[in-house]
2 protein chains.
Amino acid sequence: MRATTVTLPARAQEPGTTHTIDPGEGGAGAVRRTVLPGGLRVITETMPTVRSAAFGVWAGVGSRDEAPADAGASHYLEHVLFKGTRRRSALEISSAIDAVGGDLNAFTAKEYTCYYARVLDSDLPLAVDVVSDMVAESVNRPEDVEAERGVILEEIHMRDDDPGDLIHDEFATALYGDTPLGRPILGTVDSINALSRDRIHAYYRERYVPSDLVVAVAGNIDHDEVVRLAARAFEAHLTGDARPSAPRLNGGPVPVSPEVKVIDKDTEQAHIVLGGAGVCRTDDRRFALGVLNAALGGGMSSRLFQEIREKRGLAYSVYSYTAQYADSGVFGVYAGCQPGKADEVLSICRDQVAEAAAHGLSDEELERGKGQLRGGMVLGLEDTGSRMSRIGKSELVYESLLPVDEVLARVEAVTPDDVRAVAAQVLAEPQALTVIGPFGDRDFSL
Amino acid sequence: MRATTVTLPARAQEPGTTHTIDPGEGGAGAVRRTVLPGGLRVITETMPTVRSAAFGVWAGVGSRDEAPADAGASHYLEHVLFKGTRRRSALEISSAIDAVGGDLNAFTAKEYTCYYARVLDSDLPLAVDVVSDMVAESVNRPEDVEAERGVILEEIHMRDDDPGDLIHDEFATALYGDTPLGRPILGTVDSINALSRDRIHAYYRERYVPSDLVVAVAGNIDHDEVVRLAARAFEAHLTGDARPSAPRLNGGPVPVSPEVKVIDKDTEQAHIVLGGAGVCRTDDRRFALGVLNAALGGGMSSRLFQEIREKRGLAYSVYSYTAQYADSGVFGVYAGCQPGKADEVLSICRDQVAEAAAHGLSDEELERGKGQLRGGMVLGLEDTGSRMSRIGKSELVYESLLPVDEVLARVEAVTPDDVRAVAAQVLAEPQALTVIGPFGDRDFSL
């Protein structure tokens, strides 16, 4: 493991260039990147010992790009892209991947959208053809947009029926207010009902341009072959001398407006999220915050798990978490408990957060937290899907791809002072609080 | 791929014997099995190209072994085993695995319970030591049993708050009635409140005996080393000449008593499960039923997905599924939709089931279904956890381990007539129906 920070070469951005980001070892872990005309990027990682490949197309668009009237458009569009192209019906898209036993899916986040298929390596050409066709050649037929509106409304209702899911959307609004980061990715019933086919189609035309797309592949693959396949699949769009779009600007912290929000619902449990602003994606403190998060609520040995579940049996699910965006972040705590114990559980959460803010972690917790991040990262990168996600997302949202060894070195380098500093800063941020449960018009306070 | 059925050697059952079940190829995929004194089995699979190992202990006990007064005891005990041994506190157990970034977890099913850790290969000795200690040397302190009672009650309440989860427990009861297969794995609030520490401890003593346990490991490991580690970890219990327990008896079909059950709940969606008896785990028709399930509701190209979601936009989540037990099985269909569309969705489900029962699948669907099972199985066996589960569960519940190639050959051998036959039989079974939604005292009928 390298102990010092490596300086990475600037990314080549001229169409037609290919360069090696990481040479790998013995053919494994080699990461290569090619820029195609129009600014389409292709990034691959070789895993010669597996028999599968994960193929993804990442689009640099998500719910935070939506004007209020477009709320939910990124996710709506993600659904519509499965509905058909010039060459394929929806059934032909899904049949092609089902027939080879592959996984075909997509997800929409606040800052990006990803379409992916995981298949046997011999089926990679098929996966590239089908997924690229979906993304590049969608026809967005009015009748398909209409049918999918019903599906998305049901997805919203399913989310509403699961309070452990709903609470996180409510928390985002309680922290960021009615802003792009605060609004739900799914949109609302009203915004989905108001989105027209023409608006969806225009959104597609505006946002799905080659310079904002990244093709990412990991598995038993050959970079040059992937580039050939992608170039053929996106052929009609690879014109002009556009360069790849730069990552989203990190324009400084997004303002937050933390509120307390109680949603009265006839549930068995109180579902609670307490949290505030964290650090942004490129903040050097993210490694120290990762260690802090692991020790505070990231595993069974963490303080929150021990105090709330292990010692007192007050909750089944209790954890802390972080989220990072280009210019903002979140640190939060979730617990589900008996409604009559909500005050006690909240009080323990607050005490644990305050204690860590005041004193950081013990040396033992620091070492355990580092080990947890280190092992979790290495174990998490054994499958093709997570390797594909790492390189695809990095290409879209970072200036450069940090090699795994470099990430591990940064974690290893975290000092007790680093943790104390980030704890004192982040855990002292103004907190938002959301509670779902049978509370009538009862108030909660911070 | 072999096209004919292989005859497997009878399992050696004498303590002290080791044999090779599958020689593998080039060091990969070798499966070996050793019987230790007391009847403890150790089964391993080598995956030399990975850097991790999954270690599991499988116990041949689950909720169907519980008398009504013990309802939920298997799962309760699973929780209590994390709470401490003679040598380790709960914190010491979780800290040990967290410190190396491993996953430590467990699950309880109707017929078995599994405790597992996934770690870097160099941490395997630690994982064997910790997980085996939990399973073999649990002290089940009264205060820990008490604290965990609260945790399990919260787990029950969390399940109750998620109708997409609750519906499956309700369906089991609607199909099997108040019987061991019909009662929820979690138990009920009343049964959990009634279980004493002494009863839990006695259950542990009765059920966790070496002849009912299987140690399973997959990853970058050496069989003989695993046997040494397991023998040391279980040392105090490896006495006597007991032989491994035989798999649960397949005593013929468990009777079902299908009912219609409507649970009035103030949800946004109607959550529906419709289904009946399927085939048991050793039934030769399971391969044909697997193909049928794939084509009817197993993927995006399936009939139910196409008819309900793709064409009509009536649901976000709709699928069919199978479950297998020693002497029974389930074939069911789930959909979540607007309450006002529940009749329409149910009607489409019934029509699709009836159509498949009458005519089976088209040739194209048959081939696609086979491909889906084949690719899904191969892709699903790339990680150490799924390989460990395959060999550990098989050792416990089957007379012999079917090699992957043999399973693939059985799938490939499924004919249109096989599918028509199993469809005509299984889909014509008496159906149970469960619906959760804001339906007051409204009835549904089959």
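Every chain is numbered on its own, with residues counted from 1 as its sequence reads. All chains are assigned letters beginning with A, and all ligands numbers beginning with 1, in the order in which they are written. At least 70 in pLDDT is required for a residue's local features to be given in this predicted model, at least 80 for side-chain atom pairs to be given and counted, and no such filter applies to totals for whole chains, interfaces and linings, which use all residues. Think of the side-chain values as coming from all heavy atoms in the structure, minus any hydrogens and water.

As recorded in an unreviewed UniProt entry, chain A goes by M16 family metallopeptidase and comes from Actinomadura yumaensis.

Draft legend 1. Inspection of the packing of aromatic side chains at higher detail. All names here are of chain A. Working definition: rings of Phe, Tyr and Trp (its six-membered ring) pair if their centres are within 6.5 Å, and the pair is stacked with planes under 30 degrees apart, edge-to-face with planes over 60 apart, and tilted otherwise. For the structure on display, the rule yields 18 aromatic pairs over all chains. Between W58 and F107, the ring centres sit 5.8 Å apart and the planes meet at 85 degrees, which makes this aromatic pair edge-to-face. Taken as a pair, W58 in strand β4 (residues 52-59) and F107 in strand β5 (residues 103-108) lie far apart in primary sequence, 49 residues in all. Its relative accessible area of 33% is what places F107 among the partly exposed residues. Between F439 and F444 the ring centres are 4.9 Å apart and the planes differ by 85 degrees, which places this aromatic pair in the edge-to-face class. Going along the chain from the N terminus, every DSSP run of H or I of four or more residues is numbered as a helix, and every run of E of two or more is numbered as a strand. When accessible area is computed with a 1.4 Å probe and restricted to protein chains, residues below 20% of their type maximum are described as buried, those above 50% as exposed, and intermediate ones as partly exposed.

Draft legend 2. Structural detail: the interface of chain A and chain B. For this analysis, residues touch if any pair of their heavy atoms sits within 4.5 Å. Listed by partner, the interface residues are 60 residues for chain A and 60 residues for chain B. When two parts are brought into contact, each loses some accessible area as probed by a 1.4 Å sphere; the total of that loss over both is the buried area. Contact between chain A and chain B buries roughly 4,900 Å² in total, counting both sides, with carbon and sulfur atoms accounting for 56%. When a carboxyl oxygen of Asp or Glu lies within 4 Å of a side-chain nitrogen of Lys or Arg, that pair is called a salt bridge. One can count six salt bridges joining chain A with chain B. Here B:K83 and A:E310 are joined by a salt bridge, their closest N and O atoms 2.7 Å apart. Within the residue set of the side of chain A that touches chain B, elements represented by two or more residues are α2 (90-98), β6 (113-120), α4 (142-161), α10 (303-310), β10 (315-324), β11 (329-337) and α12 (363-380) of chain A. When residues of the side of chain A that touches chain B are assigned to their parent elements, the largest contribution, ten residues, is made by α4(A).

Draft legend 3. Spatial organisation of the pattern of salt bridges. All names here are of chain A. On inspection of all chains with the given rule, the structure shows 80 salt bridges over all chains. A salt bridge links D133 to R87; the shortest N-O distance between them is 3.8 Å. Here the residue D133 occupies a position in helix α3 (residues 124-136), and R87 occupies one in the loop between α1 (73-80) and α2, the gap between them amounting to 46 residues. Judged by its relative accessible area of 2%, D133 is buried. D417 is paired through a salt bridge with R420; the nearest N and O atoms lie 2.6 Å apart. Taken as a pair, D417 and R420 lie in helix α15 (residues 416-426) at a separation of three residues, close to a single helical turn. In this structure R420 comes out as partly exposed when scored by relative accessible area, which is 35%.

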